[in-house]
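A structural walkthrough
Listed below are the residues making up each chain.
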Amino acid sequence: MPINAHKAIASSPLGYKHALNLSAKQEQSLRNARDEIRRAISAKFQSFASSLGDQLLFENQAPVFPRNLRSPKFRMQGSFSYYTCNQPAHMPPQEIDLDDGLFMPTSYFEVGQSRAPSVRSAAYFLIIEQILTPLCEEKGWQLIDKPSCIRVQIDEAMHTDLALYSVPDADFQRIQENVQSSGIDFSAQLMLEEKAYRMLSQDEIMLAHREDGWKRSDPRKLEDWFVDAVKKHGAQVRTVSRCLKGWRDFQWEQCRLSSIALMAAAVSVFERASAEIPGDRDDIALLRVAQDLPDILSVEVPNPVVDGERLDQGWTPEERNDFVERAKTLAERLDRALVNSTDQALSVEIMRQLLGGRFPNDLSLCTPDAGRGAKVDASPAPAALTKGMIDNIEAEGSDLAAVNKKGGGRYG
């Protein structure tokens with residue numbers, strides 16, 4: 001008779017999913033740090049920007065115009081905003097991460113057939129780092145250079161990454177007037193309000209990069225893709241993604257198997273095989289995704305929202321083989337625990353071997369499944385990743401992201 005482990009994953013407060021959540025103290029510490037960083041930048045941005053000479057601040061091609069650098073707005077992003085976030089399994093070296101986006105209005109100028117910010121990307125890094133240096137010294141934090149963000153290391157267990165975006169100030173002014181006409185005091189807010197955020201032109205959101213200058217990058221694409229998947233298939237997509245991330249973090253202290261690669265794997269299986277996944281069985285949903293995971297990881301893993309980019313770039317053949325082999329073990333052992341076991345104690349033992357001690361050692365949460373045959377097709381069709389935030393990405397979630405110090409880029 002199969003085993004039903006749905007309660008062991010989903011129940012609160014005993015289930016595995018609940019055990020992945022951050023403590024209230026951890027969450028509040030990161031929120032407090034985020035807010036202090038935002039306030040410092042908002043208060044000092046204009047004065048620090050004004051102190052830079054035009055040669056440092058502007059690109060050579062920029063026309064002569066009056067300085068018009070408004071204070072930036074902020075928008076939380078990453079797994080903190082769309083609730084795929086976990087407590088680290090090994091801390092250290094794994095860390096809790098909060099991603100924040102800083103959106104700066106500035107003039108744009110023509111570059112060939114496109115437009116780009118007139119302010120140098122390096123100047124924005126310089127301004128923000130000059131502002132944050134005294135705050136970090138006061139708080140005992142560490143400022144770390146990253147290619148596409150500024151990292152503030154809060155302690156050995158947590159950090160916040162600040163990505164610097166630029167948007168045309170003409171658009172920003174238009175959006176400000178539009179939002180204010182609806183009764184929202186846009187200028188008084190640090191946060192980029194939802195309506196304003198949605199009105200930004202996707203072709204002219206540019207991300208500052210230390211080596212590459214300005215890169216076209218719309219952070220809404222990933223958020224919208226995942227939230228669309230949740231709307232279509234239900235919160236189970238999020239639960240399975242968190243379970244896969246928990247499995248990864250327990251199996252490897254450090255690796256380059258990114259969170260977004262695991263999320264993309266989960267979404268692709270739900271897109272193709274949702275009819276096989278019972279909505280009231282998170283354990284069977286995890287098994288069904290795990291069955292396809294080796295095939296997904298054995299070939300190129302495309303980015304679900306950026307054409308031509310991959311989520312497996314930089315993997316060595318040895319790393320890929322390791323990911324695939326452990327994914328095979330995950331699928332085989334889940335099948336043994338959930339489908340081909342009649343021993344509750346053995347099923348719990350197997351689940352804890354795969355997911356770690358945070359999976360509850362409670363036989364009452366893994367019961368014989370007399371009412372449903374849990375058998376899942378063991379030979380699914382080859383996987384293919386598909387393309388597709390919470391409705392308000394600044395919604396305050398209850399979890400934060402566990403990432404590896406040497407993880408897979410900004411979406412790790």
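The shown structure was predicted, so the numbers you read here are calculated from the model rather than taken from an experiment.

When you go through the protein chain residue by residue, the secondary structure sums to 14 helices and twelve strands. Expressed as a percentage of its 412 residues, the buried residues of the protein chain come to 55%. Approximately 17000 Å² of the protein chain is accessible, and the part contributed by carbon and sulfur atoms is 48%.

On to the pattern of salt bridges, then. As enumerated under the stated definition, the model contains 24 salt bridges in all. Across the pair R210 and D145 runs a salt bridge, and its minimum N-O distance is 3.6 Å. Of this pair, R210 sits in the loop between β9 (206-209) and β10 (213-216) while D145 sits in strand β6 (residues 142-146), and the two are 65 residues apart along the sequence. A salt bridge links D369 to R281; the shortest N-O distance between them is 2.6 Å. Here D369 is found in the loop between β11 (367-368) and β12 (401-403), whereas its partner R281 is found in the loop between α11 (259-273) and α12 (282-298), with 88 residues between them in sequence.

Here the focus is the packing of α11 against α12. Viewed as axis vectors pointing N to C, α11 and α12 meet at an angle of 110°, and their least axial separation amounts to 9 Å. For the element pair α11 / α12, the angle class is roughly perpendicular. Seen along the crossing, α11 lies across α12 with a hand that is right-handed. Note on element contacts: α12 touches α11 through A285, R288, V289, D292, L293 and I296, opposite L262, A265, A266, S268, V269, F270, R272 and A273. When the residues that make up the contact of α11 with α12 are grouped by side-chain class, the tally is ten nonpolar, one polar and three charged.

Taking 1.5 Å of rise per residue, the 16 residues of helix α10 (residues 236-251) would be expected to cover 22 Å, and the 22 Å separating its terminal C-alpha atoms lies within 8% of that figure. Across the 16 residues that make up α10, a large majority, 14, are buried.

With that out of the way, let us pick up the environment of R320. Position of R320 among the secondary structure elements: in helix α13 (residues 317-338). R320 gets classed as buried once you look at its relative accessible area, which sits at 18%. Separated by 26 residues in sequence, R320 and P294 place their C-alpha atoms 9.9 Å apart.

This part takes up the pairing of β10. Where β9 meets β10, four bridges bridge the pair, whose relative direction is antiparallel. The residue bridging H209 from the neighbouring strand is G213, located in β10. Here β9 hands over to β10 after three residues, the two strands then running antiparallel side by side.

One can describe the packing of helix α9 (residues 220-233) onto α11 by two numbers: an axis separation of 11 Å at closest approach and a directional angle of 35°. For the pair α9 and α11, the crossing hand works out as left-handed. Residues L222, W225, F226, A229, K232 and H233 of α9 form the contact with α11, whose participating residues are I260, M263, A264, V267, F270 and E271. Considered class by class, the residues forming the contact of α9 with α11 number nine nonpolar, one polar and two charged.

Turning our eyes to something else, we now look at the pairing of strand β4 (residues 108-111). Bridge count between β4 and strand β5 (residues 114-117): four bridges; the pairing is antiparallel. Paired with Y108 across the two strands is P117, which belongs to β5. Counting the residues in the hairpin turn of β4 and β5 gives two residues, including G112, whose phi is positive at 65°.

Most peptide bonds adopt trans geometry, and most residues besides glycine take a negative phi value. Note the cis peptide between S12 and P13, where omega equals 10°. With respect to the helices and strands, P13 occurs in the loop between α1 (6-10) and α2 (16-19). You will see that Y83, though not glycine, has its phi angle at about 60°, which is positive. Its location among the elements puts Y83 in the loop between α5 (79-82) and β3 (95-106).

In this structure the tally under the stated criterion is nine aromatic pairs. Ring geometry for Y124 and W214: centres 5.8 Å apart, planes at 80°, overall edge-to-face. Of this pair, Y124 sits in helix α6 (residues 121-139) while W214 sits in strand β10; the two residues are 90 residues apart in sequence, bridging distant segments of the chain. Taking relative accessible area as the criterion, Y124 reaches 1% and is therefore assigned buried. Owing to a relative accessible area of 13%, W214 belongs among the buried residues under this scheme. Plain terms: the ring middles of W315 and F323 are 4.8 Å apart, the flat faces sit at 80° to each other, and that makes the pair edge-to-face. For F323, a relative accessible area of 1% translates into the label buried.

Before going further, it helps to spend a moment on the environment of A264. With respect to the helices, strands and loops of the structure, A264 is situated in helix α11. Taking relative accessible area as the criterion, A264 reaches 3% and is therefore assigned buried. The sequence separation of A264 and V301 amounts to 37 residues, and the corresponding C-alpha distance is 8.6 Å.

Conventions used here
- Within each chain, residues carry numbers counting from 1 in the order of the written sequence.
- Selection of residues for local features in this predicted model requires a pLDDT of at least 70, selection of side-chain atom pairs for listing and counting requires 80 or more, and totals for whole chains, interfaces and linings are taken over all residues.
- Where side-chain values are given, they derive from all heavy atoms of the structure, hydrogens and water being excluded.
- Starting at the N terminus, helices and strands are each numbered in turn, a helix being any DSSP run of H or I of at least four residues and a strand any DSSP run of E of at least two.
- Categorising residues by exposure relies on relative accessible area from a 1.4 Å probe, with only protein chains included: less than 20% of the type maximum marks a residue as buried, more than 50% marks it as exposed, and the intermediate range marks it as partly exposed.
- Accessible surface is estimated by sampling points in the Shrake-Rupley manner with a 1.4 Å probe; for residues, cover comes only from the protein chains shown.
- By convention in these notes, a salt bridge is any Lys or Arg side-chain nitrogen within 4 Å of a carboxyl oxygen on Asp or Glu.
- Lines fitted to the C-alpha atoms define the axes, with helices restricted to the stretch that makes contact. Angles between their N-to-C directions range from 0 to 180 degrees.
- Under this scheme an angle from 65 to 115 degrees is roughly perpendicular, one under 35 degrees roughly parallel, and one over 145 degrees roughly antiparallel; angles in between are oblique.
- Handedness of each helix crossing follows the sense of rotation of the near helix against the far helix: counterclockwise by less than a right angle gives left-handed, clockwise gives right-handed.
- Contacts are residue-level and defined by heavy atoms, with any inter-residue pair within 4.5 Å sufficient.
- Note that Gly is not counted as nonpolar here; it falls among the polar residues with everything else outside the nonpolar set of Ala, Val, Leu, Ile, Met, Phe, Trp, Tyr, Cys and Pro and the charged set of Asp, Glu, Lys and Arg.
- Here the expected span of a helix is defined as 1.5 Å times the quantity of residues minus one.
- For two strands to pair, DSSP has to find at least two bridges joining them.
- Two aromatic rings from Phe, Tyr or Trp, using only the six-membered ring of Trp, form a pair when their centres are within 6.5 Å; if the ring planes differ by under 30 degrees the pair is stacked, by over 60 it is edge-to-face, and anything between is tilted.

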